[in-house]
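Read off the chains here:
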Amino acid sequence: MGKKDTARREIAELEAKVDSYRQKVKALKAAAQESADDADRWKAKAKEHKRRSAESREAARRALEVAAKAEKQARKAQKKAKKALATVTEHAETPLAPVPDLPEEAAPDAPVVDDQPLAARVLEPAVMVPADEPYATWSLTRLRAEARAQGVPGYSRMPREQLLLALGTR
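It should be emphasised that the depicted structure is a prediction, and the values quoted were computed from it without experimental measurement.

(A) Spotlight on the overall build of the chain. The number of helices and strands found in the chain is four helices and zero strands. Sequence-ordered secondary structure for the chain, helices as α and strands as β, is α-α-α-α. Excluding contacts between residues fewer than 6 apart, the proportion of contacts in the chain whose partners are at least 24 apart in sequence is 37%. If you sum the accessible surface of the chain, you get close to 14200 Å²; carbon and sulfur atoms cover 59% of it.

(B) A look at the confidence of the model for the chain. Averaged over all residues, the pLDDT of the chain equals 80, while 72% of them reach at least 70. When pLDDT is averaged over each helix and strand of the chain, the minimum, 45, is found for helix 2 (residues 118–123) and the maximum, 91, for helix 3 (residues 140–150). In this model, residues 117–130 is a region of pLDDT below 50 whose contacts with residues beyond four sequence positions or in other chains number 22 contacts.

(C) Representation of the pattern of salt bridges within the structure. Under the defined criterion, the tally for this structure stands at nine salt bridges. Of the charged contacts in the structure, one is a salt bridge between E58 and R62, with a shortest N-O distance of 3.5 Å. Remark: R62 and E58 occur in helix 1 (residues 2–91); sequence separation between them is four residues, near one turn of the helix. For E58, a relative accessible area of 31% puts it in the partly exposed group.

(D) Here's a closer look at the nonpolar core. Ranked by size, the top nonpolar core spans nine residues in total: W138, L143, A147, V152, Y155, M158, L163, A166 and L167. Listing elements by their share of this core, those giving two or more residues are helix 3 and helix 4 (160–168). Top element by residues in this core is helix 4. It accounts for three residues.

(E) Expanded view of the packing of aromatic side chains. Under the criterion given, the structure shown has zero aromatic pairs. Sitting over the ring of W42, K45 keeps its end group 5.1 Å from the ring centre. Across the ring face of W138, the terminal group of R142 is positioned such that the distance to the ring centre comes to 3.9 Å.

(F) Looking closely at helix 4. Along helix 4, the residues classified as buried are L163, A166 and L167. Relative to the axis of helix 4, the buried residues are bounded by an arc of 95° and lie together on one face. In helix 4, the exposed residues that point more than 90 degrees away from the buried face are E161, L165 and G168. Tucked inside the fold, the buried residues of helix 4 contact helix 3.

(G) Here's a closer look at the packing of helix 3 against helix 4. The geometry of helix 3 relative to helix 4 is characterised by a closest axis approach of 10 Å and an angle of 40° between their N-to-C directions. Looking at the two axes, helix 3 sits oblique to helix 4. Considering only the axes of helix 3 and helix 4, their crossing is left-handed. For the pair formed by helix 3 and helix 4, the contact residues are L140, L143, R144, E146, A147 and Q150 on the first element and R160, L163, L164 and L167 on the second.

(H) Here's a closer look at helix 3. Those residues of helix 3 not exposed but buried are R142, L143, E146 and A147. Looking straight down helix 3, one finds that the buried residues subtend no more than 140° of arc, so they occupy a single side. For helix 3, the secondary structure elements touched by its buried residues are helix 4. Downstream of helix 3 by one or two residues, G151 has phi in the positive range, about 80°.

Calculation rules
- Residues numbered from 1 in each chain as written.
- Predicted model: local features only at pLDDT ≥ 70, side-chain atom pairs only at ≥ 80, totals over all residues.
- Heavy atoms only, no water.
- Helix = DSSP H or I, 4+ residues; strand = E, 2+ residues; numbered from the N terminus.
- Contact = heavy atoms within 4.5 Å.
- Areas by Shrake-Rupley, 256 points an atom, 1.4 Å probe, with all protein chains shown as cover.
- pLDDT = per-residue confidence, 0-100.
- Salt bridge = Lys/Arg side-chain N within 4 Å of Asp/Glu carboxyl O.
- Buried < 20%, exposed > 50% of the residue type's maximum accessible area, 1.4 Å probe, protein only.
- Core = buried A, V, L, I, M, F, W, Y, C linked by side-chain atoms within 4.5 Å.
- Phe/Tyr/Trp six-rings, centres within 6.5 Å; stacked < 30°, edge-to-face > 60°.
- Lys NZ or Arg CZ within 6 Å of the ring centre and 35° of its normal.
- Arc of directions from axis to C-beta.
- Axes fitted to C-alpha atoms, helices over the stretch in contact; angles between N-to-C directions.
- Parallel < 35°, antiparallel > 145°, perpendicular 65-115°, else oblique.
- Left-handed = near helix turned anticlockwise from the far one by under 90°.

Okay, structure coming up:
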């Protein structure tokens, strides 16, 4: 009976090993499933982040378009204001202040320098100098404003002497 007992012990040991391996396989399958679930969750999060990122890029693009339209409208309005000012200046006895140029990029938190409305600042008369005063005593800024009002081409690049000549011949 020694061989049967030995064989039974070996079978019992082998069955114990098989059970141990089955438990290890079961644990590995559970870990693999947990990893697969984690991967699915991460993929879903990545997809959501990608969607939100695309939405943000689209919102930024739309905001840039709106800003470009607003800038274009502001430039148009500025051009109209300059034309209106030129028309008023032609018929006015005293010259008016020029329309200020729009800043290239205004700081959003820049302090307000003047509490007057823009129309009041633009249309208030410049220095009140009689029209018969000679151009020679005027500042370069005033000469350029007068040249602009009279439609002198290229006035912004002319030195003082050329401005005096151009204005004197008109």
